[in-house]
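What follows is each chain in one-letter form.
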Amino acid sequence: MDEALKASGCETKKEAVEQGLRLLVQRSKQQQIRNLRGKIKWEGDLDEMRSAK
């Protein structure tokens, strides 16, 4: 727990645990998105979209 507190910069154990849980959920959502790679067909012109700004 001491290592987690130092690495996170959190001041309390509760804060460190809550931050860890948020990170766990975020990583799970990112993995779900990665699992879609190659399964969704995208049509568009990325260069055109970038220059439209």
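Residue positions within a chain follow its written sequence, with the count starting from 1. Only residues with pLDDT of 70 or above have their local features reported here, since the model is predicted, and side-chain atom pairs are shown and tallied only from 80 upward, although totals for entire chains, interfaces and linings are computed over all residues. Hydrogens and water are ignored here; the side-chain numbers use all heavy atoms of the structure.

**Regarding the overall build of the chain**
Each helix and strand in the chain was counted, giving 3 helices and 0 strands. Considering only C-alpha atoms, the chain reaches an extent of 50 × 30 × 15 Å along its principal axes. Throughout this description, buried means an accessible area under 20% of the type-specific maximum (1.4 Å probe, protein chains only), exposed means over 50%, and partly exposed covers the range between. Counting every position in the chain, which comprises 53 residues, the buried fraction comes to 6%. By the counting scheme adopted, Arg and Lys are positive, Glu and Asp are negative, and His together with the chain ends is not counted. Charge positions come from single atoms, namely NZ of Lys, CZ of Arg, CG of Asp or CD of Glu. If you average the places of the 12 positive and of the 9 negative side-chain charges in the chain, the two averages end up 6 Å apart. Working definition: helices are DSSP H or I runs of at least four residues, strands are E runs of at least two. Numbering for both runs from the N terminus.

**Observations concerning the pattern of salt bridges**
Salt bridge, as used here, is a side-chain nitrogen of Lys or Arg placed within 4 Å of a carboxyl oxygen of Asp or Glu. Throughout the structure, instances matching the rule amount to 1 salt bridge. Note that Glu43 and Lys41 form a salt bridge whose closest N and O atoms lie 3.6 Å from each other. The exposure class assigned to Glu43 is exposed, which follows from its relative accessible area of 63%.

**Here's the deal with a nonpolar patch on the surface**
Patch building starts from residues that exceed 30% relative accessible area and form no salt bridge, then joins like charges within 9 Å and nonpolar side chains (Val, Leu, Ile, Met, Phe, Trp, Tyr) within 5 Å. Computed by Shrake-Rupley with a 1.4 Å probe, the accessible areas treat only the displayed protein chains as cover when residues are assessed. Together, Met1, Val17, Leu21 and Leu24 give the surface a local cluster of nonpolar side chains, amounting to about 390 Å² of exposed area. Secondary-structure assignment places Val17 in helix α2 (residues 13–34).

**What to know about the environment of Ala16**
Mapped onto the elements, Ala16 comes out in helix α2. With 14 residues separating them along the chain, Ala16 and Asp2 place their C-alpha atoms 9.9 Å apart. Any two residues whose heavy atoms approach within 4.5 Å at even a single point are treated as in contact. Dropping the residues within four chain positions of it, Ala16 is found in contact with Leu5, Ser8 and Cys10.

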